[in-house]
Amino acid sequence: MGRRRARARVQGTVQGVGFRPYVYRLAGELGLGGFVLNDSHGVLLEVEGSGPAVEEFLSRLGPEAPPLAVLERVLSEEREPKGEHRFAILESPRGGGVNAPVTPDSATCSDCLSELFDPADRRWRYPFTNCTNCGPRFTIVRGIPYDRPYTTMAAFRMCPRCRAEYEDPADRRFHAQPNACPECGPAVSLVGAGGVLESLGGCADPVQAAAAALADGRIVAIKGIGGFHLACRADEEAVVARLRGRKHREDKPFALMARTLQDADRLVLLGDLERQLLLSPARPIVLAARLEDGAVAAAVAPGSPELGVMLPYSPLHHLLLADFADRVPGPGVALVMTSGNVSDEPIAFGDQDALQRLGGIADLLLVHDRPIQTRTDDSVIRVVQGPGGRRGVVLRRSRGYVPGSLALPGAGTPRHLLACGAELKNTFCVAKGERAWVGHHVGDLKNYETLRSFSEGIEHFERLFAVEPAVIAHDLHPEYLSTKYAFEREGVELIGVQHHHAHLAACLAEHGESGPAIGAIYDGTGYGTDGTVWGGELLYGDLEDFRRVGTLHPVRLPGGEKAIREPWRMACAWLSAGGDGAPAMPAALAGRVPERSWGAITELVRTGLVSPPTSSMGRLFDAVAALCGIRPEVNYEGQAAIELEAVCDPAERGEYPIGLGGDGLGGGGLDGGEGLEADRLGGGGIVIDPRETIAAVAADVAAGVPAGVVASRFHRTIGNVTVAACVQAAASHGTEVVILSGGVFQNRRLLEAVAGGLGEAGLRVLFPERLPANDGGISFGQAAVAARRILSR
């Protein structure tokens, strides 16, 4: 056969993962000429040689790609041969549109770890060791193509030896953009809370000195990949309590960083999937059952049977944990490694910002001079049992996963769009064509710092992916800061998306489906189309529209948002809903809630003053937690329900009576989300009525039934009634697909019970996996709805 030349356009995650060096080596192995380059669409290459060699190159291009590469599409075409025999890696062209995915940050690879701990290697104990297979990516990127001048490493000029590695196609650091060494790269330093350099006290370097301080019980702020952590010993109650006091974080669990997988095995119960997640390049925090004999202070995760554990993912972390283990030997070596912030603020990621905000918390700060472009929290995953087996579900999607793109179902969106997300656990989403990019976890939009992080993140993503929104999707709640942001953008079309419809659509779109489906959407708060507070909804819908076909019986939300922080108010509201007169205060709340306050709240419920109606399932769980005496007041969102699940007696098989009225909304199409108030659903819609349940719970508690038994019976009751309601709704509307989403379905016991029951009933169950079931997935759902509505015009 004669000479042949082929051009290939490779799309997907192919920049910053060693793809060009891989292409160079493969072409060299096969004796091909041509070129490869990064551009704004991905990777472009041409190869020339014998016909069989070109054919073999194209057949091997995808299957043998580097481990961090994700090839979504390879488009090849024939070109006229030029007689080219040499193969070259060319410079990236300037300008043009942007459509190339940026790679998430990746944990340190085994080759770099070997160098890090090899005294004979020139990168021995160098905290910024990396190569094309690992290291920072998203958190240092300022623009694309992914080349050094467009990263925060631009100011560090490579020394001759690093430059030689960078330019050697046979070296694994060939075109590794963050490549550096102690001679030319970033450096760490240890400073006091006032910003003054600390004495190393006889230690070899700042990392070793920080480890010594941690071993002595001090609190150290550590600058990592996406921001600062606050670290301390995990095995001493007094030290952990001191961190809680300084951080103003009373009860919310802290994450742990274990030195090795073997150390993690001494702290929590790990299955094969948990181990795979811990060792994955994303290195998320994995929630797992704590072991009773683990060397972890109770104050790390009070009231929780689980611990959140992660493994080191940067060279600095590996060095710190190894040095700490030298001083505190024993099984289960771990440090508390919690977000570097004061509660409710975004994490600190700049050195000066950290000194100002963390100086009153940390005794010392371990900092470095490589700037972080984008603050990024650790991701969180839990393993659950689904109908098809065990699978990981994301609770917080950030470092290691962002900014990985998600496909929009069908034809995608013909117009660039931005989705602003919700108020709590906010993320945003930009989209164009067939792709959507969900941003990193921003947090609760409750203060100026978080709002600024939100707006800066949107600007960065719009630049990074060349998205110029013509359409902005937003929540219907007029007071959400994310909604107000949408209304302040000029020259755009606005599309409002109901909160629970966005949950439904996000799950559908994540799984590549368009619907229709029945959705059981359970959460704490969502603005309904009727102006009331929804949260325990059965929807029938697709990506474009929905219909509310069922709901939880509504009760008053006494005092509005105060009832979220004080679950005893919801106990009062539910007890009031089940009787004719004002309910007496349950004995479990006596001495914890003033009698006068209880009387005032019963009056609010009776009159409806400052007490809007709500169908929130999350608030129902709060009420039961309060009735059991577990949590009359909360210190963080979802705490009451989390602790109610935690106390469940696994041996209990009883359940409570509960009302299930209606026969489904018979037939009919989607009505664009015209919600029906729950008290008017009775003749044609499904109403889940737990007033009898609440009475039975209160009776059991008064009779001295243990809280664990009550909690288990309540979970079983809600699980079974949800299955029955979904089966009924699915039959009425002729669908076999059921979506389970909303923050309440982060409750593993409830999710597994409902998913299992629906599977046994022959229905196909979908729940969020790659995106959170909580409001962190709302923005993607908004984007999917907006895209479909644009297309349907």
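Heads up: the structure comes first, above all this text.
Procedures and definitions
Residues numbered from 1 in each chain as written. Predicted model: local features only at pLDDT ≥ 70, side-chain atom pairs only at ≥ 80, totals over all residues. Heavy atoms only, no water. Axes fitted to C-alpha atoms, helices over the stretch in contact; angles between N-to-C directions. Helix = DSSP H or I, 4+ residues; strand = E, 2+ residues; numbered from the N terminus. Parallel < 35°, antiparallel > 145°, perpendicular 65-115°, else oblique. Left-handed = near helix turned anticlockwise from the far one by under 90°. Contact = heavy atoms within 4.5 Å. Nonpolar A, V, L, I, M, F, W, Y, C, P; charged D, E, K, R; others polar. Phe/Tyr/Trp six-rings, centres within 6.5 Å; stacked < 30°, edge-to-face > 60°. Buried < 20%, exposed > 50% of the residue type's maximum accessible area, 1.4 Å probe, protein only. Pairing = 2+ DSSP bridges. 1 Å grid on protein atoms, 1.4 Å probe; cavity = no way out; pocket = protein on both sides within 12 Å on 5 of 7 lines; lining within 4 Å. Points joined across faces, edges and corners; volume = space filled by probe spheres on them. Core = buried A, V, L, I, M, F, W, Y, C linked by side-chain atoms within 4.5 Å.

## Examining the packing of helix α11 (residues 448-464) against helix α12 (residues 481-488)
Here's step 1: Their axes nearest at 11 Å, the elements α11 and α12 cross at an angle of 45°. In terms of orientation, α11 and α12 fall into the oblique class. For the element pair α11 and α12, the recorded crossing hand is right-handed. Here Leu451, Phe454, Ser455 and Ile458 of α11 come into contact with α12, specifically with Leu481, Ser482 and Tyr485.
Here's step 2: For the contact of α11 with α12, the per-class residue count stands at five nonpolar, two polar and no charged.

## Side note on the packing of aromatic side chains
Here's step 1: As enumerated under the stated definition, the model contains 14 aromatic pairs in all.
Here's step 2: Ring centres of tryptophan 437 and phenylalanine 465 lie 4.4 Å apart, and the angle between their planes is 10°; this geometry places the pair in the stacked category. Taken as a pair, tryptophan 437 in strand β19 (residues 435-438) and phenylalanine 465 in the loop between α11 and β20 (471-475) lie far apart in primary sequence, 28 residues in all.
Here's step 3: Overall, the relative accessible area of 0% leaves tryptophan 437 in the buried class.

## Let's talk about the pairing of strand β24 (residues 546-552)
Here's step 1: In terms of burial, β24 is a largely internal element, seven of the seven residues being buried.
Here's step 2: In this antiparallel pair of consecutive strands, strand β23 (residues 533-541) and β24, the connection spans four residues.

## Side note on the layout of surface pockets
Here's step 1: Within this model, the second largest pocket holds a volume of roughly 670 Å³.
Here's step 2: Along its surface, the second largest pocket is lined by 25 residues, and Val70, Pro104, Gly400, Tyr401 and Gly404 are the ones closest to its centre.
Here's step 3: When contributions to the lining of the second largest pocket are tallied by element, the ones reaching two or more residues are β4 (70-79), β15 (389-396) and β16 (405-407).
Here's step 4: Per-element accounting of the lining of the second largest pocket gives the leading share, three residues, to β15.
Here's step 5: Residue classes in the lining of the second largest pocket are distributed as twelve nonpolar, eight polar and five charged.

## Some thoughts on the sheet that holds strand β3 (residues 42-50)
Each strand in a sheet pairs with its neighbour through backbone hydrogen bonds, running either in the same direction (parallel) or in the opposite one (antiparallel).
Here's step 1: Across the sheet, five strands lie side by side as β4-β1-β3-β2-β5; this open sheet has mixed pairing. Each having just a single partner strand, β4 and β5 (87-89) make up the two edges of the open sheet. Averaged over all neighbouring strand pairs, the angle between strand axes comes to 15°, with direction disregarded.
Here's step 2: Across the face of the sheet, helix α2 (residues 51-60) comes into contact with β1 (3-13) and β3 while running at roughly 155° to β3.

## Notes on the sheet that holds strand β21 (residues 493-497)
Here's step 1: Strands sit in the order β16-β19-β18-β17-β20-β21 across an open sheet of six strands; the sheet is mixed. Either end of the sheet is taken by a strand with one partner, and the two such strands are β16 and β21. Adjacent strand axes in the sheet meet at a mean angle of 25° when their direction is disregarded.
Here's step 2: Bridge count for strand β18 (residues 429-433) against β19 is four bridges, and the pairing is antiparallel. The residue bridging alanine 431 from the neighbouring strand is alanine 436, located in β19.
Here's step 3: Against the sheet, helix α22 (residues 778-791) engages β16, β17 (413-419), β18, β19, β20 and β21, with an angle of about 150° to β17.

## A look at the nonpolar core
Here's step 1: Counting residues in each nonpolar core, the largest one holds 69 residues, and the members touching the most others are Phe621, Leu644, Leu740 and Leu758.
Here's step 2: When residues in this core are grouped by element, the largest group, ten residues, is from helix α20 (residues 707-733).
Here's step 3: Apart from the residues within four sequence positions on either side, leucine 740 is in contact with Ala520, Phe745, Leu751, Val754, Ala755, Leu758, Val765, Leu766, Phe767 and Pro768.

## What about the packing of helix α17 (residues 617-627) against helix α19 (residues 691-702)?
Here's step 1: Contact geometry of α17 with α19 gives a least axis separation of 10 Å together with a crossing angle of 20°. In terms of axis orientation, α17 runs roughly parallel to α19. Two packed elements cross with a definite hand, and for α17 against α19 that hand is right-handed. In this structure, α17 uses Leu620, Val624 and Leu627 to contact α19, whose residues at the interface are Ile694, Val697 and Val701.
Here's step 2: Taken together, the residues of the contact of α17 with α19 break down into six nonpolar, no polar and no charged.

## Notes on the environment of leucine 358
Here's step 1: In this fold, leucine 358 is placed in helix α10 (residues 351-358).
Here's step 2: The class of leucine 358 is buried, set by a relative accessible area of 0%.
Here's step 3: Each C-alpha atom of the pair leucine 358 and leucine 740 lies 39 Å from the other, and the pair is 382 residues apart in sequence.
Here's step 4: Contacts of leucine 358, omitting those with residues within four sequence positions, involve Ala221, Phe228, Leu230, Gly340, Asn341, Ala348 and Asp353.

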